[in-house]
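# Inside the fold
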Amino acid sequence: MTFTYSLLLIPYALFLVVFALFVIINLFNLTRFGGWTIITFWATFLFLAGIVLIAYASYENLIIFDWHQTITISNNYDLR
Amino acid sequence: MTLGELIKKKQYEKIVYCLRRHPIIFVKDVLIFLALATVPVGFYFFAKSSLPHLLEEEISRIILLLLGSIYYLSIWLIFFTQFIDYYLDNWIVTNDRILNIKQHALFGRTMAEMDLYKVQDATSDIDGILPTLFNYGNVHIQTAGQKERFVFEQVKDPHKIRDKILDLAEEDRKFHYHPKTR
């Protein structure tokens, strides 16, 4: 079976969708029930800054690969 | 939304305390987060010495990087959720009532209130080394004919809070018997 590296990005993208959903729910809870105070402002800012930092580091490390390259997985139980 | 709007503050009502758990309680979550953040670093050094082929092959490097990214985003999100859980757990004491607001992870939230004039007894305790060092503990509030309903958990200065609640309850009882005094 042959597939390109870019296929690996599909589950990663699915994770990012779920992650974004949880981020929105968290921020909604904090602003709706915690109000807008200096603490909620800084907590939101630091949380989003952390996400940007992790996303940026991931991008920088992943961009170096050729995502069009293919990989072949051999069928181990084919004994011919 | 302000605190007053959240609790639908009455005209004559004044907020006396807005209590949360002592900040030292959240430090535990910070330490757990920091420990979890070092796991991939430890794994990297382990793989470098014991499983070098894992870091040499391009496909395994890609998979490890994607998993690492998912891992860090997940622990960051869990850490933030823990903060919200800590921050949104409130006990609000006004000159009329006590409110207990609890956040349960992402989707659960309970609000309960108790009239101050119904408070019969309040006890406070500080138990353990850390609570003694940082002066935090629990305040148990009892009403007549009911089992204990409210517990302020791990709040700062529990003895002072208990005294204040008993004073406020006494004041509120006077108001209920002689309404013109407020």
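An account of the accompanying structure is given in this report. Every chain is numbered independently, its residues counted from 1 as its sequence is written. A letter from A marks each chain and a number from 1 marks each ligand, given out in the order of writing. Only residues with pLDDT of at least 70 get local features here, since the model is predicted, and only at 80 or more are side-chain atom pairs given and counted; chain-wide, interface and lining totals rely on the full set of residues.

A run of DSSP states H or I qualifies as a helix once it reaches four residues; a run of E qualifies as a strand once it reaches two. Both are numbered from the N-terminal end. For chain B, the helix and strand inventory stands at 6 helices and 7 strands. Reading chain B from its N terminus to its C terminus gives the helix and strand order α-β-α-α-α-β-β-β-β-α-β-β-α. Relative to the globule expectation of 16 Å for 182 residues, the C-alpha radius of gyration of chain B, 24 Å, shows a markedly less compact shape. Along the longest, intermediate and shortest principal axes, the C-alpha atoms of chain B span 80 × 35 × 25 Å. Expressed as a percentage of its 182 residues, the buried residues of chain B come to 20%. Contact between two residues is assigned when their C-beta atoms, built from the backbone, lie within 7 Å. Within chain B, residue pairs in contact and separated by at least 24 positions form 53% of the contacts whose partners lie at least 6 positions apart. Atoms counted for the radius of gyration: C-alpha only. Globule rule: 2.2 Å times the number of residues to the power 0.38. In this scheme every C-beta is placed from the backbone, and a residue whose C-beta has 20 or more other C-beta atoms within 10 Å is buried, one with 12 or fewer is exposed, and one in between is partly exposed.

Let us now look at the overall build of chain A. Looking only at helices and strands, chain A has 2 helices and 2 strands in total. For chain A, whose C-alpha radius of gyration is 20 Å, the value lies well above the compact-globule estimate of 12 Å for 80 residues. Principal-axis analysis of the C-alpha atoms places the extent of chain A at approximately 70 × 25 × 15 Å.

Moving on to helix H4 (residues 58-87) of chain B. Given the number of residues in a helix, its expected span is that number minus one, multiplied by 1.5 Å. An ideal rise of 1.5 Å per residue puts 44 Å on 30 residues; H4(B) measures up with 43 Å between its terminal C-alpha atoms. Burial in H4(B) covers these residues: B:Ile62, B:Ser69, B:Tyr72, B:Leu73, B:Trp76, B:Phe80, B:Phe83, B:Ile84 and B:Tyr87.

Let us look at the interface of chain B and chain A. Each partner contributes to the interface: chain B provides 23 residues, whereas chain A provides 25 residues. Residue assignment for the side of chain B that touches chain A shows that the elements contributing at least two residues are helix H1 (3-6) and H4 of chain B. The residue makeup of the side of chain B that touches chain A, split by class, is 19 nonpolar, 3 polar and 1 charged. Only Asp, Glu, Lys and Arg are considered charged in this grouping, and only Ala, Val, Leu, Ile, Met, Phe, Trp, Tyr, Cys and Pro are considered nonpolar; every other residue, Gly among them, is considered polar.

This paragraph deals with unusual backbone geometry. Positive phi, close to 55°, is recorded for B:Asn135, a residue that is not glycine. Looking at the element boundaries, B:Asn135 is found in the loop between helix H5 (129-134) and strand S6 (136-143).

Let's shift gears to the sheet that holds strand S4 (residues 108-115) of chain B. Within a sheet, each strand pairs with its neighbour through backbone hydrogen bonds, oriented either parallel or antiparallel. All names here are of chain B. Pairing between two strands requires that DSSP report at least two bridges joining them. A sheet is described by the order of its strands in space; here 4 strands give the open sequence S1-S2-S3-S4, paired in antiparallel fashion. Each of the sheet's edge strands pairs with one partner strand only, and the pair in question is strand S1 (15-19) and S4. Put simply, the sheet's adjacent strands are angled 10° from each other on average, direction ignored. Examined bridge by bridge, strand S3 (residues 97-104) and S4 share 8 bridges and lie antiparallel to one another. Residue pairing across strands places glutamine 103 opposite arginine 109, the latter belonging to S4. Note on definitions: angles span 0 to 180 degrees between N-to-C directions of axes, and those axes are lines fitted to C-alpha atoms, for helices only across the stretch in contact.

Looking now at the sheet that holds strand S7 (residues 150-156) of chain B. All names here are of chain B. Here 3 strands make up an open sheet; going across it, the order is S5-S6-S7 and the pairing antiparallel. One side of each edge strand has no neighbouring strand; the edge strands of this open sheet are strand S5 (119-125) and S7. Between one strand and the next, the sheet's axes are offset by a mean angle of 20°, whatever the strand orientation. On the sheet, helix H6 (residues 158-177) packs against S5, S6 and S7 and is oriented at approximately 170° with respect to S5.

Below, the discussion takes up the packing of helix H2 (residues 38-62) of chain A against H4(B). Two elements in contact, H2(A) and H4(B), have axes separated by 10 Å at closest approach and are oriented at 175°. Relative to H4(B), the element H2(A) lies roughly antiparallel. Residues A:Ala43, A:Phe47, A:Gly50, A:Ile51, A:Ile54, A:Ser58, A:Asn61 and A:Leu62 of H2(A) form the contact with H4(B), whose own contacting residues are B:Leu65, B:Ser69, B:Tyr72, B:Leu73, B:Trp76, B:Phe80 and B:Phe83. Among the residues forming the contact of H2(A) with H4(B), the class breakdown is 11 nonpolar, 4 polar and no charged. Between 65 and 115 degrees an angle is taken as roughly perpendicular, under 35 as roughly parallel, over 145 as roughly antiparallel, and anywhere else as oblique.

For helix H1 (residues 9-34) of chain A, with 26 residues, the first-to-last C-alpha span of 36 Å sits near the 38 Å given by 1.5 Å per residue. Of all the residues in H1(A), the buried ones are A:Asn29, A:Leu30 and A:Gly34. Turning to H1(A), the residues buried within the fold contact H2 of chain A together with H4 of chain B. Two residues or fewer after H1(A) comes A:Gly35, characterised by a positive phi angle close to 70°.

Mapped onto the secondary structure, B:Leu130 falls in helix H5. In this structure, the C-alpha to C-alpha distance between B:Leu130 and B:Ile25, residues 105 residues apart in sequence, is 9.9 Å.

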